[in-house]
Amino acid sequence: AQTVTQSQPEMSVQEAETVTLSCTYDTSENNYYLFWYKQPPSRQMILVIRQEAYKQQNATENRFSVNFQKAAKSFSLKISDSQLGDTAMYFCAFMRSYSGYALNFGKGTSLLVTP
Amino acid sequence: DTEVTQTPKHLVMGMTNKKSLKCEQHMGHRAMYWYKQKAKKPPELMFVYSYEKLSINESVPSRFSPECPNSSLLNLHLHALQPEDSALYLCASSPSFEGQGAEKLFFGSGTQLSVL
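Residues numbered from 1 in each chain as written. Chains lettered and ligands numbered in written order. Predicted model: local features only at pLDDT ≥ 70, side-chain atom pairs only at ≥ 80, totals over all residues. Heavy atoms only, no water.

A. View of the overall build of chain A. Helices and strands together make up the secondary structure of chain A, namely 0 helices and 12 strands. Along its sequence from the N terminus, chain A presents helices and strands in the succession β-β-β-β-β-β-β-β-β-β-β-β. Relative to a compact globule of 115 residues, whose C-alpha radius of gyration would be 13 Å, chain A shows 14 Å and is just as compact. In chain A, of all internal contacts separated by at least 6 residues, the share reaching a separation of at least 24 is 56%. (Helix = DSSP H or I, 4+ residues; strand = E, 2+ residues; numbered from the N terminus. Rg over C-alpha atoms; globule rule 2.2 N^0.38 Å. Contact = heavy atoms within 4.5 Å.)

B. Unusual backbone geometry, seen in detail. Backbone torsion omega between B:Thr7 and B:Pro8 reads -10 degrees, so that peptide bond is classified as cis. One can find B:Pro8 in the loop between strand S1 (4-7) and strand S2 (10-13). The phi torsion at A:Ala16 lies on the positive side, around 80 degrees, for a residue other than glycine. If you trace the backbone, A:Ala16 turns up in the loop between strand S2 (10-14) and strand S3 (19-21).

C. Up close: the sheet that holds strand S8 (residues 73-79) of chain B. All names here are of chain B. The strand order across the open sheet built from 4 strands is S1-S3-S8-S7, with neighbouring strands paired in antiparallel fashion. Because the sheet does not close on itself, it has two edges, and the strands there are S1 and strand S7 (64-70). Across the sheet, the axes of successive neighbouring strands diverge by a mean angle of 20 degrees, strand direction being ignored. Summarising the sheet, S7 and S8 pair through 5 bridges and their orientation is antiparallel. (Pairing = 2+ DSSP bridges. Axes fitted to C-alpha atoms, helices over the stretch in contact; angles between N-to-C directions.)

D. Expanded view of the pairing of strand S10 (residues 88-96) of chain A. Residues and elements named next belong to chain A. With 8 of its 9 residues buried, S10 lies for the most part within the structure. Bridge count for strand S5 (residues 32-39) against S10 is 8 bridges, and the pairing is antiparallel. Of the residues in S10, the one forming a bridge with Tyr-32 is Arg-96. Direction of pairing for S10 relative to strand S12 (residues 109-114): antiparallel, over a ladder of 3 bridges. Bridge pairing links Met-89 to Ser-110 in S12. Where S10 lies against strand S11 (residues 103-105), 3 bridges are found, and the strand directions are antiparallel. Looking at the pairing, Phe-94 lines up with Asn-104 of S11. A loop of 6 residues connects S10 with S11, the two strands running antiparallel in sequence, and Tyr-98 in this loop sits at a positive phi of about 65 degrees. (Buried < 20%, exposed > 50% of the residue type's maximum accessible area, 1.4 Å probe, protein only.)

E. Quick look at the pattern of salt bridges. All names here are of chain B. Per the stated rule, a full pass over the model turns up 8 salt bridges over all chains. For Asp-85, the salt bridge goes to Lys-36, with nearest N and O atoms at 4.0 Å. Here Asp-85 is found in the loop between S8 and strand S9 (87-94), whereas its partner Lys-36 is found in strand S4 (residues 31-37), with 49 residues between them in sequence. A single burial state applies to Asp-85 and to Lys-36, both of which are buried. Among the salt bridges present, the one from Arg-63 reaches Asp-85, with a minimum N-O distance of 2.7 Å. Of the two residues, Arg-63 is situated in the loop between strand S6 (53-57) and S7 and Asp-85 in the loop between S8 and S9; the sequence distance between them amounts to 22 residues. (Salt bridge = Lys/Arg side-chain N within 4 Å of Asp/Glu carboxyl O.)

Right, dumping it as structure tokens:
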């Protein structure tokens, strides 16, 4: 079974600063996907970024980027120029390739962006 | 249209009531999912439908009854719920349940359910 660990239950960052959220995972699979989801107070689950394991290049989406270290089984999320709207719960998730039902979430990191 | 629409957004029900949650998508996705999420916890998978057939039931109590009447619509029928069933119920869809496209999961905004 795959496990996803987010070691930071809560984090805080000032507006315009940069913050990095950690995620590690354990798997014996070679092909898989990793995700970062954002869940703001509205509780909508929003996809932030998706990384395919076979792609060595780190995925980026505007201010969001990941540092994917496959050998170390690490998948951290960097948020640059933090904005108040980034305040949310962030979930790291693992999916075995081609298995939509097999989405394993970490416990989440609650991020607070302060003025 | 890349939306998964869930109704109602909020629902309060008594333990003897019968109610239904509805989820709709018009992206042509053939896999649809129900997740349950307690406060400050990650979502937990309940059911998966693939091509309108129930493919996965994660040992969910029978007081939760899913239904997929067509490829765009997913219902969750609720009956004789307990207070501990109070949670956010999230619907999701993806182009497929297995194979390419399974990773393109879209979530709805959820129904916040309170059982009194």
